[in-house]
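Residues per chain are reported as follows:
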Amino acid sequence: MTPAQQSLEAETICRLAPVVPVLVIDDLAQAAPLAMALIAGGLPALEVTLRTPCALDAIRAMSQVPGGIVGAGTLLTPADVKAAKAAGAMFGVSPGATNRLIAACEDEGLPLLPGAATATEIMALLEKGYTVQKFFPAEQAGGAAYLRSIGSPIPQVKFCPTGGISLKIAPDYLSLKNILCVGGSWVAPKEAMANGDWAAITALAREASGLARSA
Ligand code: 3PG
């Protein structure tokens, strides 16, 4: 899969909804009901971070839920890419981007949302053909103001910022022309997941899916 094809697929996924939930799943039993709750609230693209022992099994379980597009986050190595793909991930997300990681995603045919945080990193990915990128860690790396500034010299790159974004500040990002969607964990609070309060999560997803965007 070429970088251009990867970017096209990443853009399609990013355009599904204004928010991509970033999920840390500790208990496999939560995976399917969590996916159902978020999809019911209008958020079909789901990023499951590979940060917990059950993450790959969670991707497997969530991929069975109708209406969702489940991806793997926190991809760091080619082995992560292979495992994510084998588990059924439809896309990948990485905090940064290395040549080996990018090559693995291209070889495996896994659309990647590669992470960047500086103008040079953004340009390096653009040079390879990646026009859709994750901006991480968004709030800590300069926030919406930074992305507005980057949009001037590099308007051809579109972003999904993640890291420190909440319902309150998401509109600051989504009002920018170079932002396709934002990622965030606020739609799946740990407490609601532990309590099985799926209605609360659907309500949070509904709020998030109702956010307006400019891009
Ligand atoms: C992450 O990698 O954890 C994501 O960027 C989500 O960050 P958040 O928990 O601040 O939304």
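Q: Just to check I follow, could you spell out the sheet that holds strand 9 (residues 182-184) for this structure?
A: One open sheet accounts for 6 strands, arranged 5-4-3-2-1-9; its pairing is parallel. Either end of the sheet is taken by a strand with one partner, and the two such strands are strand 5 (112-113) and strand 9. Where strand 2 (residues 45-49) and strand 3 (residues 69-73) come together, 5 bridges link them in parallel fashion. The residue of strand 3 that forms the bridge with Leu46 is Val70.

Q: Teacher, can you tell me more about the pattern of salt bridges here?
A: By the definition in use, this model includes 4 salt bridges. Linking Glu11 and Arg15 is a salt bridge whose minimum nitrogen-to-oxygen distance equals 2.8 Å. Residue class for Arg15 comes out partly exposed when judged on its relative accessible area of 38%. For the salt bridge of Glu108 with Lys82, the shortest nitrogen-to-oxygen distance reads 4.0 Å. Placement of Glu108 in helix 5 (residues 99-108) and of Lys82 in helix 4 (residues 78-87) is noted, with a sequence separation of 26 residues between them. Judged by relative accessible area, which is 26%, Glu108 ranks as partly exposed.

Q: Just checking my understanding: could you explain the pairing of strand 7 (residues 132-135) for this structure?
A: Strand residues, when the strand is regular, have side chains that alternate between the two faces of the sheet. The two faces of strand 7 match: Val132 and Lys134 on one face and Gln133 and Phe135 on the other face are all buried. Here 2 bridges tie strand 6 (residues 115-116) to strand 7, and the two strands are oriented parallel to one another. Across the sheet, Gly115 pairs through a bridge with Lys134, a residue of strand 7. Between the parallel elements strand 7 and strand 8 (residues 158-161), the chain passes through helix 7 (residues 143-150) in a crossover that is right-handed.

Q: How should I be thinking about helix 2 (residues 31-40) in this particular structure?
A: For an α-helix the count is 3.6 residues per turn, leaving residues at separations of three or four pointing the same way. Along helix 2, the positions that sit buried rather than exposed are Ala31, Leu34, Ala35, Ala37, Leu38 and Ile39. For helix 2, the elements touching its buried residues are strand 1 (19-23), strand 2, helix 3 (55-63), helix 9 (190-195) and helix 10 (198-209). Immediately beyond the C-terminal end of helix 2, within one or two residues, lies Gly42, with a positive phi of roughly 95°.

Q: When you look at the environment of Ala116 in this model, what are you seeing that I'm missing?
A: Here Ala116 lies in strand 6. For Ala116, a relative accessible area of 1% translates into the label buried. Between the C-alpha atom of Ala116 and that of Ser94, which follows or precedes it by 22 residues, the distance is 9.0 Å. With sequence-adjacent residues up to four places away left out, Ala116 is seen in contact with Pro95, Glu121, Ile122, Leu125, Gln133, Lys134, Phe135 and Phe136.

Q: Looking at this structure, I do not really get the pairing of strand 1. What am I missing?
A: Counted residue by residue, strand 1 has 5 buried out of 5 residues, so it is predominantly covered. Burial of strand 1 is two-sided: the residues Val19, Pro21 and Leu23 facing one way and the residues Val20 and Val22 facing the other way are all buried. With 3 bridges connecting them, strand 1 and strand 9 associate as parallel partners. Across the sheet, residue Val20 finds its bridge partner in strand 9, namely Gly183.

About the criteria used
Residues numbered from 1 in each chain as written. Predicted model: local features only at pLDDT ≥ 70, side-chain atom pairs only at ≥ 80, totals over all residues. Heavy atoms only, no water. Pairing = 2+ DSSP bridges. Helix = DSSP H or I, 4+ residues; strand = E, 2+ residues; numbered from the N terminus. Salt bridge = Lys/Arg side-chain N within 4 Å of Asp/Glu carboxyl O. Buried < 20%, exposed > 50% of the residue type's maximum accessible area, 1.4 Å probe, protein only. Right-handed = clockwise from strand over helix to strand, strands pointing away. Contact = heavy atoms within 4.5 Å.

These values are about where atoms sit, not about what they do.
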